[in-house]
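Descriptive structure summary
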Amino acid sequence: MLLSRAVPLVSVAVALAGQVVALAPSGGVDVVPVLTSAPFGAVDGQLVTHTILVSGTGTGNLTGVRLTFSTTVGLDGVAASASQGACSIVDALTVVCELGVVDFPNADAAPPRVMITGTVKPGTARGALVRNLVNVTSEPPDADVSNNAASNAYLIPGSNGSPTSRPSAARSSDSVGRRPGYLVPVAAAVLVLGALATLILLRRRRS
């Protein structure tokens, strides 16, 4: 009886140990992208440059490293280059770079760098949200996939001054200073009544 009870207990212990091992970090290299956009807060029609450094901690290498850049407002004339590997322009919103094998630490060279340039689409609505996002993946995954993304965001200020970029509130406020048409006859009637009252007073004084 004791032996038969011990077997299930051992099985449960092995299962729990297996779960702990599965949840533990794999160790090795942890990749962390760093995104810089200049100028930050670029308006429509302005050239912007996004620079991404693929930094990391630990010692070893990552294979099949892929960097994906996306933005919520399209870029005209978008171009992309990488210090290693190659980049493909999917569309005005997305760029994908295949960086291949990345070694950490790399004492002989700087971390892999990707540069993406383009002009913020002219005519973008004032107040539109621009969110730039970078995500780095590898096969197999790195030690901590929770920090594989970097982003920044801002609202288009619409400083080009074109009539189409002005908010509707500015146009509607033009009617605030206008006087209603019915005030004109009312004002005239008040003036007539005042003149009559003055004449009556003068006649009474003369009499």
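A few points on the structure. Note that the structure is a prediction, hence the values are computed from the model and not measured. (Residues numbered from 1 in each chain as written. Predicted model: local features only at pLDDT ≥ 70, side-chain atom pairs only at ≥ 80, totals over all residues. Heavy atoms only, no water.)

**Description of the side chain of His50**
So the rule is basically this: In this description a helix means any DSSP run of H or I spanning at least four residues, a strand means any run of E spanning at least two, and both kinds are numbered starting from the N terminus. When a residue's accessible area, from a 1.4 Å probe over protein chains only, is under 20% of the maximum for its type it is buried; when over 50% it is exposed; and in between it is partly exposed.
Relative to the helices and strands, His50 is located in strand E2 (residues 47-57). Take His50: its relative accessible area is 3%, and that puts it in the buried class.

**Considerations on unusual backbone geometry**
That bond from Ala38 to Pro39 is cis: its omega, -5 degrees, falls within 30 degrees of zero. Summarising the element assignment, Pro39 is placed in the loop between strand E1 (30-38) and E2. Residues Glu139 and Pro140 are joined by a peptide bond in cis, for which omega reads 0 degrees. Mapped onto the elements of the fold, Pro140 is located in the loop between strand E8 (129-137) and strand E9 (149-155).

**Quick look at the state of the cysteines**
The criterion, for reference: A pair of sulfur atoms, both from cysteines and within 2.5 Å, is called a disulfide here.
Tallied over the full model, the rule gives 1 disulfide. The residue that forms a disulfide with Cys87 is Cys97, at a sulfur-sulfur distance of 2.1 Å. On the sign convention where negative means left-handed, the S-S torsion of about 105 degrees between Cys87 and Cys97 marks this disulfide as right-handed. Here Cys97 lies in strand E6 (residues 94-104) and Cys87 lies in strand E5 (residues 86-91), a separation of 10 residues in the sequence.

**Structural notes on the pairing of E8**
As a reminder, the rule being used: Note on pairing: two strands pair once DSSP finds at least 2 bridges between them.
Going residue by residue along E8, you find Val130, Asn132, Val134 and Val136 tucked away on one face and Leu129, Arg131, Leu133, Asn135 and Thr137 left uncovered on the opposite face. When strand E3 (residues 60-71) meets E8, the two strands line up antiparallel, connected through 6 bridges. For Thr71, the partnering residue across the bridge sits in E8 and is Asn132. The pairing of E8 with E9 spans 7 bridges and is classified as antiparallel. In the sheet register, Leu133 faces E9, and the bridge partner there is Ser151.

**Here's the deal with the sheet that holds E8**
Threshold: Every axis corresponds to a line fitted to the C-alpha atoms, with the helix fit spanning only the stretch in contact, and the corresponding angles, defined between N-to-C directions, vary from 0 to 180 degrees.
The sheet built from 5 strands is open, its strands ordered E5-E6-E3-E8-E9 with antiparallel pairing. Because the sheet does not close on itself, it has two edges, and the strands there are E5 and E9. The mean angle between the axes of side-by-side strands here comes to 15 degrees, regardless of whether they run parallel or antiparallel.

**Observations regarding the sheet that holds strand E4 (residues 75-82)**
Spatially, the 4 strands line up as an open sheet ordered E1-E2-E7-E4, and their pairing is antiparallel. Unpaired on one side and paired on the other, E1 and E4 mark the two borders of the sheet. Between one strand axis and the next, the sheet turns through 15 degrees on average, direction left out of account. Alignment of E4 against strand E7 (residues 113-120), held across 6 bridges, turns out to be antiparallel. If you follow Ala82 over to E7, its bridge partner there is Val114.

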